[in-house]
Amino acid sequence: MPNHLNILDTPIEYVKGIGPSRGETFRKELNIHTVRNLLYTFPFRYIDRTKFHLIKDVKAEGDNIQLKGTLVSIEKIKGKTNRSRITGIFKDSSGFLELVWFQGVTWLEKSLKEGEEYIIYGKVNVFNGNKSMVHPEMELVSESAIHLTSTFDPVYSSTEKMDAKGLDSKTRRKIINSLLVTIEEKDVPETLPPYILEKLKIGSAYNTLQWIHFPSNEREKELAVNRIKFEEFFFVQVRLLLSKIYRQYKYRSAPFATIGHYFNTFYNHKLPFELTSAQKKVIKEIRADMGKPVQMNRLLQGDVGSGKTIVALLSMLIALDNGFQSCLMAPTEILAQQHFESISGLLQGMDIGIAFLSGSVKGKKRAAILQDLKEGKVNIIIGTHALIEEHVVFKHLGFAVVDEQHRFGVAQRASLWKKNDALAPHILVMTATPIPRTLAMTLYGDLDVSVIDELPPGRKEIKTIHKYETARPQLIQFLHSEIAKGRQIYIVYPLIEESEKLDLKNLNDGYERLLQYFPQPDFQISVVHGRMKAADKDWEMQRFIKKTTQIMVATTVIEVGVNVPNASVMVIENTERFGLSQLHQLRGRVGRGADQSYCILMTDYKISKEGRERIHTMVRTNNGFEIAEVDLKLRGPGDIQGTQQSGLLDFKLLNIGTDRAIMDTARNFALHIIEDDPKLEKPRHENIRQEVARLKHQYKDWARIS
Ligand code: ADP
Ligand code: MG
């Protein structure tokens, strides 16, 4: 090994037992380039050498379990369609188990040894009383222990190609073990200040690295895991807070000192209702922020229907009072259109230039709007992401509202700042539905947060009911009685892309069936789905808004924003196929008027455990913040819409669904440190400063992210 390098920076091929060819495989398969990459790719589980199950006690459909016994025999079976598989007979002191592999057949045939003792790991299936395990992980007992005394052996994720190169978990274990034996305390620089280690009672960076691979007991494992999770989140927070400070230093904004004619006229004469105290509180926070010469970057969270729009509007009027333009950017055309209509309505008679811009505004009309915007004749512009396109030029944009829906990336948000040459516009980001605290800390950790935690008064709690297919006749009867009272109804079908054709058929069948129960001309039904032309969609939507139709049959396109206060029933078909936050959004389409509203969740009898929990949660609570927490726990962070590309959620061990306590601690430490020492100049923060510098170098795109 070249000795001028820190051992951790050594290229992977120089490691004993690896070499150029296997090094290449590490690089290609797992993106592991250096010793550091190798050592900081952690085991995904451990073999607890003290815990083995017995075949006779195993029940079907349980968790993964570990068994110890003999591989009696193996056999390669040629499949009809040319695909072969391997089956094996495994036995322990209590019984027999069949093993089956469909993949990696060639490699397995070579490497599995009949008659040898193995530790195996996987899920047991029971069929007709026969027990089997598909694709078990296999481990020769003779090779499994690195230290004869070890209780836990690490298991690393592998790929077929890695296995074929002999780089399975066992080999990795050996390589890593011999590396860790040579590595000394000085080779693993401490990244956290001693006072944090002491306060949190966690081990040094060096110990943690040893323990995470080869813990000698449960406690060491836990200590290592906790420190790694803490550190992962701590440095994300430090980075977000540093970029916030950097932004405040780099971007000046105009201080909006005046509360003048526009705000006061609207507030005193035009406000259609009394603001809730939560809305007042939030407007105060925004006013205070915008009054300063530093850029406001604020996140506004509030449940569906909590009244975020009026907050955005009042804030835009403050900008106008100070001589600046505002924009409001929404994630979809429909939502942008609705914002435009309701805001135009509210501002009627106030002599304010207000315009709408989206991809569908074209030709002369578009040119005129762009011209007016440039000349400052447009004071408020509302639209889709068309607003951030380069040729959209403002005279002096002072304030930008982003209605986010988790769909705009941070990069897009940033492109709004550049719309004003001299001064950065103040920014207000609104989330369409509440997001869990841990997710907010991660994705919006560089923003200040306002929360509307109260719904406008007089709203009746929406009644949510779960019904099976057999209750359809009663459902139809109920819908008839609601329509007789003059109410309107949504009926929503799932539309998931892969099965789009089938989903459309479901919707059409449902529509045909409805026509029998609600015949024309007494009843009129709108249909809206994603495959329709925008103009047709709009026309159908308008018919419903104008009460020409009583029923709106739709796919999830209506999820966002649609506001028809007279609609009092939301029927959701195949509810089990919707995600929780989607269901909550849909439910939020009703309960907007004074009438008692209902949300009826239709399902088949067969529902998965998770689907059942989603439905129970919907029936149990109307609180969007609570629903968001359950959603995160059920789905895990990986699935949260629109967040994958952000790179902010790539944690190795941290789980933002379950590690809230660790995340809170890390955030608090980061906040204190950055507040106390924004440039990380103090000697006690030297470790942090160096690690931040190293990470910055490692992830060159950090700057782009925030
Ligand atoms: P969201 O926060 O989901 O965007 P909106 O801003 O669309 O909610 O508001 C939902 C509905 O509640 C709108 O019809 C709006 O006019 C009404 N609303 C907002 N604030 C109040 C209030 N303080 N009192 C009564 N109605 C309100
Ligand atoms: Mg809204």
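Structure: above.
What this report covers is the structure whose coordinates are included nearby.

Definitions and limits used
- Residues numbered from 1 in each chain as written.
- Chains lettered and ligands numbered in written order.
- Predicted model: local features only at pLDDT ≥ 70, side-chain atom pairs only at ≥ 80, totals over all residues.
- Heavy atoms only, no water.
- Helix = DSSP H or I, 4+ residues; strand = E, 2+ residues; numbered from the N terminus.
- Buried < 20%, exposed > 50% of the residue type's maximum accessible area, 1.4 Å probe, protein only.
- Near = heavy atom within 4 Å.
- Polar contact = N/O pair within 3.5 Å; in protein donor to acceptor, adjacent residues only side chain to side chain.
- Areas by Shrake-Rupley, 256 points an atom, 1.4 Å probe, with all protein chains shown as cover.
- Nonpolar A, V, L, I, M, F, W, Y, C, P; charged D, E, K, R; others polar.
- Pairing = 2+ DSSP bridges.
- Axes fitted to C-alpha atoms, helices over the stretch in contact; angles between N-to-C directions.

What to know about unusual backbone geometry
Argument step 1. The omega angle of the peptide bond from Gln520 to Pro521 is 0 degrees, so this bond is cis rather than trans.
Argument step 2. Mapped onto the secondary structure, Pro521 falls in the loop between α18 (500–517) and β19 (525–528).
Argument step 3. Positive phi, normally seen in glycine, also occurs at Asn31, with a value near 60 degrees.
Argument step 4. Residue classification places Asn31 among the exposed positions, given a relative accessible area of 55%.
Argument step 5. Residues other than glycine seldom take positive phi values, yet Asn574 does so here, at roughly 50 degrees.

Some remarks on the site of ligand 1
Argument step 1. In the vicinity of ligand 1 there are 15 residues, among which Glu274, Gln279, Gly305, Thr309 and Arg459 approach most closely.
Argument step 2. In the model, a nitrogen atom of ligand 1 is placed 2.9 Å from a nitrogen or oxygen of the Glu274 main chain.
Argument step 3. Take Gly307: an N or O atom from its main chain is 3.1 Å from an oxygen atom of ligand 1.
Argument step 4. In isolation ligand 1 has 570 Å² of accessible area, and contact with the protein removes 77% of it.
Argument step 5. Grouping the constituent residues of the shell around ligand 1 by class yields four nonpolar, seven polar and four charged.

A few points about the sheet that holds strand β6 (residues 124–127)
Argument step 1. Taken together, seven strands build an open sheet; the order of strands is β6-β7-β4-β3-β2-β5-β8 and the sheet is mixed. Two strands in the sheet have a free side with no partner beyond their single neighbour: β6 and β8 (137–140). The mean inter-strand angle of the sheet, taken between neighbouring strand axes irrespective of direction, is 40 degrees.
Argument step 2. Sheet topology note: the strand β2 (residues 65–78)/strand β5 (residues 117–122) ladder contains six bridges and is antiparallel. Across the sheet, residue Gly69 finds its bridge partner in β5, namely Tyr118.

Everything listed here is a matter of coordinates, which is why it stays silent on function.
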